Amino acid sequence: MCFGCSERNPIGLKLKFTMDGDKCRTEFVAGEEHQGWNGYMHGGLIAALMDETMAWWLWFKDISIMTAEMTTRYSLGVPVNIKLTVESWCEEEKRDRLFFMAARIILPDGKVPVTAKAKFLRIDPEKL
Ligand SMILES: CCCCCCCCCCCCCC(=O)SCCNC(=O)CCNC(=O)[C@H](O)C(C)(C)COP(=O)(O)OP(=O)(O)OC[C@H]1O[C@@H](n2cnc3c(N)ncnc32)[C@H](O)[C@@H]1OP(=O)(O)O
């Protein structure tokens, strides 16, 4: 029951993803239960949104991975109760094992309040 994408996780984000060319996308409207400061989304949940969107880019390619490292740049607060678009893409791949991914959040007015970069490592899901 993935916190990010399972429909059955009662406290999950229930994200749904699409691939459009080389980008993976989802949309999300944060509610008051997702706040840190009043009116703004909690930073840890913002990171989860982006982590999940990068993971799904790889999942669409049938690649099972774990997040090995992630950095997030918070340039503006992310307001609750507005539609957020999250998109991710792959910047580089090494030895078919290490994937350098990037993601960003886009507000309805086109501003980009948060960007992220992450390294994902291919895993054998049988060994989890
Ligand atoms: C129905 C549909 C459901 C679909 C769900 C789909 C979505 C799923 C949702 C997903 C949820 C969202 C996602 C989540 O939330 S994933 C959850 C959060 N992440 C984790 O819990 C990861 C925990 N860590 C591990 O499991 C291991 O450490 C991993 C698997 C990452 C590597 O352990 P492993 O033992 O395999 O590797 P190794 O240590 O032998 O190293 C191997 C090589 O890699 C290099 N290396 C290592 N680290 C880094 C680094 N940071 N930068 C650069 N390089 C790095 C290392 O130097 C070495 O290179 P070399 O010496 O070979 O040259």
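Scoring rules and cut-offs
Residues numbered from 1 in each chain as written. Predicted model: local features only at pLDDT ≥ 70, side-chain atom pairs only at ≥ 80, totals over all residues. Heavy atoms only, no water. Phe/Tyr/Trp six-rings, centres within 6.5 Å; stacked < 30°, edge-to-face > 60°. Helix = DSSP H or I, 4+ residues; strand = E, 2+ residues; numbered from the N terminus. Buried < 20%, exposed > 50% of the residue type's maximum accessible area, 1.4 Å probe, protein only. Contact = heavy atoms within 4.5 Å. Near = heavy atom within 4 Å. Polar contact = N/O pair within 3.5 Å; in protein donor to acceptor, adjacent residues only side chain to side chain. Areas by Shrake-Rupley, 256 points an atom, 1.4 Å probe, with all protein chains shown as cover. Nonpolar A, V, L, I, M, F, W, Y, C, P; charged D, E, K, R; others polar. Pairing = 2+ DSSP bridges. Axes fitted to C-alpha atoms, helices over the stretch in contact; angles between N-to-C directions. UniProt positions renumbered as here; feature names shortened; annotations may be inferred.

What to know about the packing of aromatic side chains
(1) Moving on: The tally for this structure, following the rule as stated, stands at 2 aromatic pairs.
(2) Moving on: Their ring planes at 15 degrees and their centres at 5.1 Å tell us that Phe17 and Trp56 sit as a pair that is stacked. Placement of the pair is Phe17 in the segment before strand E1 (18–20) and Trp56 in helix H1 (residues 43–60), with a sequence separation of 39 residues.
(3) Moving on: Residue classification places Phe17 among the buried residues on the basis of a relative accessible area of 11%.
(4) Moving on: A relative accessible area of 21% means that Trp56 is categorised as partly exposed.
(5) Moving on: An angle of 70 degrees between the planes, with centres 5.4 Å apart, marks the rings of Trp56 and Phe60 as edge-to-face. Highlighted residues: Trp56 and Phe60, both in helix H1, separated by 4 residues, approximately one helical turn.

A word on the environment of Thr85
(1) Moving on: When you line up the elements, Thr85 lands in strand E4 (residues 83–94).
(2) Moving on: Taking C-alpha positions, Thr85 is 14 Å from Ala48, a pair spaced 37 residues apart along the chain.
(3) Moving on: Filtering out sequence-adjacent residues up to four positions away, Thr85 remains in contact with Arg25, Thr26, Glu27, Arg104, Ile105 and Ile106.

Considerations on the site of the ligand
(1) Moving on: The ligand sits among 14 residues. The nearest are Thr67, Glu69, Arg95, Arg97 and Lys119.
(2) Moving on: Within the side chain of Asp51, an N or O atom sits 3.2 Å from an oxygen atom of the ligand.
(3) Moving on: Within the side chain of Arg95, one N or O atom sits 3.1 Å away from an oxygen atom of the ligand.
(4) Moving on: Protein coverage of the free-state accessible area of the ligand, which is 1,300 Å², stands at 46%.
(5) Moving on: The biggest single contributor to the shell around the ligand is H1, with 5 residues.
(6) Moving on: Looking at side-chain class alone, the shell around the ligand contains 7 nonpolar, 1 polar and 6 charged residues.

Structural notes on the pairing of E4
(1) Moving on: As paired elements, strand E2 (residues 23–29) and E4 share 6 bridges and run antiparallel to each other. Counted as the bridge partner of Glu27 is Thr85 from E4.
(2) Moving on: Turn length for the E4-strand E5 (residues 98–106) hairpin, with the two strands adjacent in sequence and antiparallel, is 3 residues, and the turn residue Arg95 shows positive phi of about 50 degrees.

Observations regarding the sheet that holds strand E6 (residues 114–122)
(1) Moving on: Read from one edge to the other, the open sheet built from 6 strands follows the order E1-E2-E4-E5-E6-E3, with strand pairing classed as antiparallel. If you trace the sheet from one side to the other, it starts and ends with E1 and strand E3 (65–74), each paired once. Averaged over all pairs of adjacent strands, the angle between their axes in this sheet comes to 25 degrees, without regard to strand direction.

Some remarks on the UniProt feature "domain: Thioesterase" (unreviewed entry) in the protein
(1) Moving on: With numbering aligned to this structure, UniProt lists the feature "domain: Thioesterase" (unreviewed entry) at residues 38–100.
(2) Moving on: End C-alpha atoms of residues 38–100 are separated by 33 Å, and the span's content is 29% helix alongside 40% strand.

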